Amino acid sequence: MPTEEIRRQVVIIGSGPAGLTAAIYSARANLRPLLIDAPADTEKQTTPGGQLMITTEVENYPGFAEGIQGPDLMVQFRKQAERFGTEFLEEWITKVDLSERPFKLYGDNKVVIAETLIIASGASAKWLGIPGEAKTPEGFGGNGVSACATCDGPLPAFRNKRLVVVGGGDTAMEEATFLTRYAGRVFVAHRRDKLRASKIMQDKAFLNEKIEFLWDTALEEILGTQEQGVTGVRLRDVKTNETRNLDCEGVFIAIGHKPNTELFKGQIEMDEVGYIKTSHRSTATNIPGVFACGDVQDSVYRQAITAAGTGCMAAIDAERYLDHLPIAMPSGDEITIEGEQLPADHSVIIMPSGEVVSNEPPSPTLDDC
Ligand code: NDP
């Protein structure tokens, strides 16, 4: 059982661009945020710093005219959050209780009690689990293998080269089409003879002369050397089981993402895939005091800059939420910033006009946020 208890007004889970931006903003607002990130663990697929830690050069993050390495960018984010007093806790949280405020987060050694919680636990690209796919030096991840065409496609290593995109959904179509701006030829390897992608994305890809579809095709292995990077792939025809090699210099795995929300299942509203639902134009979830930002709530944009933007929003949302909580008076009554008064038993709210209203709200839903 964890023994040590830590209490904070703002607790952030996740140390990618969303979590660290939320930390920078709430630390500058003097809220002394505690940012929890999981220790690096290959089996649990945890990467402190988020997906940019497994990217090479980032050319599209504004402010870095010459580009910056993903891990270097995250060091800068972290230093900036530290500079304003963010406290970091490296702990694997195994259980959360969001049924009442303050919320409770249970780690192996500590219990964290949070007045507000900002969930920024990100999403993970799905991988095939085939030989050659792992991060370099075990495989060619970051050395010819990527799960983000927007991040890595424009790199010189892929210019005018032969690239393979795996998948048949919108992500695969979008990535394949995007890559044709730079690549010489793009092969889309899909395990069936029909795409899952929307018609408009399919049509765009079909019309693109640089794209060639490899139907009923599974990737068995990514080939290459550490010096040269990727040199080819071994393909299998899923109908005949025949295998063959295809020469290429890059492989983009585009078989979807999964949000890292397992910990919160059953406690907070999510969509059918597991992305946390937030109310439009804010980061509020269906639980008052819990906010979500970054890829954990975004299946559409999934960029570092959009994650950072929503991290800023979450910090401001949490700060405003805290500002509007009632403050205890010596009499035992509580009063809000708007002048609403709550007697000690919280049964009613006395409005500034003197009107007395019941304090038994119906269960909150997203529409109320
Ligand atoms: P999807 O789940 O829609 O598609 C995943 C694709 O990868 C499927 O074709 C699937 O094959 C294939 N796949 C999955 N697992 C494996 C595996 N182990 N081996 C080989 N192939 C595999 O994910 P997406 O990321 O494409 O899209 C997710 C959501 O985001 C969708 O709702 C999509 O519409 C949306 N999106 C929208 C975009 C836009 O509008 N611009 C851009 C990108 C995404 P199979 O078909 O056989 O199941």
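Since this is a predicted model, take the numbers as computed values, not measurements.

(A) Just the site of the ligand, in detail. Taken together, 15 residues are adjacent to the ligand, and Asp170, Thr171, Arg191, Arg192 and Arg196 come closest. Here Arg191 contributes a side-chain N or O atom positioned 2.9 Å from an oxygen atom of the ligand. Contacts to the ligand include Arg196, whose side-chain N or O atom sits 2.6 Å from an oxygen atom. Protein burial of the ligand: of its 910 Å² of free accessible surface, 68% is covered by the chains.

(B) How the structure looks around the packing of aromatic side chains. One pass over the full model with this rule turns up eight aromatic pairs. Ring plane angle 10 degrees and centroid distance 5.0 Å describe the contact between Phe213 and Trp215, whose orientation is recorded as stacked. Since its relative accessible area comes to 15%, Phe213 is described here as buried. Judged by its relative accessible area of 31%, Trp215 is partly exposed. Aromatic rings pair up to connect Tyr61, Phe64 and Phe77 into one cluster. Here the guanidinium or amino end of Arg78 rests over the ring plane of Phe88, the centre of that ring lying 4.1 Å away.

(C) Seen up close, the pattern of salt bridges. With the rule as written, the count across this model stands at 15 salt bridges. Across the pair Glu100 and Lys104 runs a salt bridge whose closest N-O atoms are separated by 4.0 Å. Given a relative accessible area of 48%, Glu100 falls into the partly exposed group. Measuring nitrogen to oxygen at the nearest pair gives 2.8 Å for the salt bridge that ties Arg236 to Glu220. Of this pair, Arg236 sits in strand S15 (residues 229-237) while Glu220 sits in strand S14 (residues 217-225); the two residues are 16 residues apart in sequence, bridging distant segments of the chain.

(D) Examining the environment of Ala134 more closely. Positionally, Ala134 belongs in the loop between strand S9 (123-125) and strand S10 (145-146). The partly exposed category is assigned to Ala134, whose relative accessible area is 39%. The sequence separation of Ala134 and Asp203 amounts to 69 residues, and the corresponding C-alpha distance is 32 Å. Here Ala134 is in contact with Gly139, Phe140 and Gly141, once residues within four sequence places are set aside.

(E) Structural context of the state of the cysteines. On inspection of all chains with the given rule, the structure shows one disulfide. Disulfide pairing is shown between Cys148 and Cys151; the S-S distance is 2.0 Å. Given an S-S torsion of about 75 degrees, the disulfide between Cys148 and Cys151 has right-handed geometry. The thiol of Cys248 is unpaired, and the distance to the nearest cysteine sulfur, on Cys148, comes to 18 Å. A disulfide-free cysteine, Cys293 has its sulfur positioned 9.9 Å from the sulfur of Cys312, the nearest such atom. When its relative accessible area of 1% is taken as the criterion, Cys293 is described as buried.

(F) Fine view of the pairing of S15. Relative to S15, S14 is paired through eight bridges, and the arrangement is antiparallel. Across the sheet, the residue bridging to Thr217 is Asp237, located in S15. Between S14 and S15, which follow one another and run antiparallel, lie three residues. Note that S15 and strand S16 (residues 243-247) share five bridges and pair antiparallel. By the bridge assignment, Gly232 is partnered in S16 with Asp247. Turn length for the S15-S16 hairpin, with the two strands adjacent in sequence and antiparallel, is five residues, and the turn residue Asn241 shows positive phi of about 70 degrees.

Cut-offs used in this document
- Residues numbered from 1 in each chain as written.
- Predicted model: local features only at pLDDT ≥ 70, side-chain atom pairs only at ≥ 80, totals over all residues.
- Heavy atoms only, no water.
- Near = heavy atom within 4 Å.
- Polar contact = N/O pair within 3.5 Å; in protein donor to acceptor, adjacent residues only side chain to side chain.
- Areas by Shrake-Rupley, 256 points an atom, 1.4 Å probe, with all protein chains shown as cover.
- Phe/Tyr/Trp six-rings, centres within 6.5 Å; stacked < 30°, edge-to-face > 60°.
- Buried < 20%, exposed > 50% of the residue type's maximum accessible area, 1.4 Å probe, protein only.
- Lys NZ or Arg CZ within 6 Å of the ring centre and 35° of its normal.
- Salt bridge = Lys/Arg side-chain N within 4 Å of Asp/Glu carboxyl O.
- Helix = DSSP H or I, 4+ residues; strand = E, 2+ residues; numbered from the N terminus.
- Contact = heavy atoms within 4.5 Å.
- Disulfide = S-S within 2.5 Å.
- Pairing = 2+ DSSP bridges.

Any functional reading would require information beyond the geometric quantities listed.
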